[in-house]
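# Remarks on the overall topology
In case you want the letters, here they are:
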Amino acid sequence: MQGDINSVVDFINSVLEQSDLDLRASIEPLGEAVRVQLRGGDRAVLLGHNAELLDALEHLGNRMLAHVTGEEHHVVFDSGSYRAQREKELQLMAEKAAERVRMTRKPFTFDPMSPGERRIIHLALAEDTSVRSESQGSGDHRKVTIHPAK
């Protein structure tokens, strides 16, 4: 699969060059897995608007990898430690929302999130028996709502 990932990184770099963005993708080995790391002067563009461009490149890269290998894979694309920082931020947001719901006894709904971000919220509250979380909506408008436990 290493050769296939190299071709994905080459493709992503070609897209970045044609878009005239100062960004470069490279492979970062993580034991058995790999991560595609993006660096460069246009990192703010990459991570703006909740990292939509980073997510789009990750989706494009994974679709290409699936096409090349004939199998579904999930290679994480990151820049710096954005993904880890965002996960911590989402966990904190989940805790604060749960605290608010416990105090007010009223549901709290987050703005729409990606499936991965919704999963982080659900996992952050999975052990908390005072609240429950559920996803609602469809497509890009899917949200997480925190409810008081019944």
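Above this note sits the structure.
An account of the accompanying structure is given in this report. From a predicted model like this one, the values you see are computed outputs, not experimental measurements.

Let us look at the layout of surface pockets. Roughly 1,200 Å³ of volume is contained in the largest pocket. Taken together, 39 residues make up the lining of the largest pocket; nearest its centre are Asp55, Ser114, Pro115, Gly116 and Glu117. Elements supplying a minimum of two residues to the lining of the largest pocket: helix 2 (43-69), strand 3 (76-78), helix 3 (82-104), strand 4 (108-109) and helix 4 (115-125). The residue inventory of the lining of the largest pocket, partitioned by class, reads 13 nonpolar, eleven polar and 15 charged.

Strand order in the open sheet made by the three strands is 4-6-5, with antiparallel pairing throughout. The open sheet has two free edges, formed respectively by strand 4 and strand 5 (131-136), since each of these has just one partner strand. Here strand 5 runs beside strand 6 (residues 143-148); their pairing, made up of six bridges, is antiparallel. Residue pairing in the sheet places Gln136 in a bridge with Lys143 of strand 6. With respect to the sheet, helix 3 is in contact with strand 4, strand 5 and strand 6, its orientation differing from that of strand 6 by roughly 40°.

Notably, Asn50 is not glycine yet its phi reads approximately 60°, a positive angle. Mapped onto the secondary structure, Asn50 falls in helix 2. Residue Asn50 is classed as exposed on the basis of its relative accessible area of 53%. At Arg105, a residue that is not glycine, the phi angle is positive and equals roughly 60°. For Arg105, the position within the fold is in the loop between helix 3 and strand 4.

Scanning the entire structure with this criterion turns up ten salt bridges. The salt bridge involving Arg24 is made with Glu17; its shortest N-O contact spans 3.1 Å. The exposure class of Arg24 is partly exposed, given its relative accessible area of 46%. Each of Asp55, Glu58 and Arg83 takes part in one network of salt bridges that share partners.

On to the sheet that holds strand 1 (residues 24-30), then. An order of 1-2-3 is seen for the three strands of this open sheet, with the pairing classed as mixed. Looking at the sheet topology across the chains shown, the edges are occupied by strand 1 and strand 3. Across this sheet, the average inter-strand angle for adjacent strands is 30°, counted without regard to direction. Here three bridges tie strand 2 (residues 33-39) to strand 3, and the two strands are oriented parallel to one another. What sits directly across from Val36, in strand 3, is Phe77. Most of the contacts of helix 2 go to strand 3, to which it runs at about 145°, and overall it touches strand 2 and strand 3.

Reading the values: rules and limits
- Residues numbered from 1 in each chain as written.
- Predicted model: local features only at pLDDT ≥ 70, side-chain atom pairs only at ≥ 80, totals over all residues.
- Heavy atoms only, no water.
- 1 Å grid on protein atoms, 1.4 Å probe; cavity = no way out; pocket = protein on both sides within 12 Å on 5 of 7 lines; lining within 4 Å.
- Points joined across faces, edges and corners; volume = space filled by probe spheres on them.
- Helix = DSSP H or I, 4+ residues; strand = E, 2+ residues; numbered from the N terminus.
- Nonpolar A, V, L, I, M, F, W, Y, C, P; charged D, E, K, R; others polar.
- Pairing = 2+ DSSP bridges.
- Contact = heavy atoms within 4.5 Å.
- Axes fitted to C-alpha atoms, helices over the stretch in contact; angles between N-to-C directions.
- Buried < 20%, exposed > 50% of the residue type's maximum accessible area, 1.4 Å probe, protein only.
- Salt bridge = Lys/Arg side-chain N within 4 Å of Asp/Glu carboxyl O.

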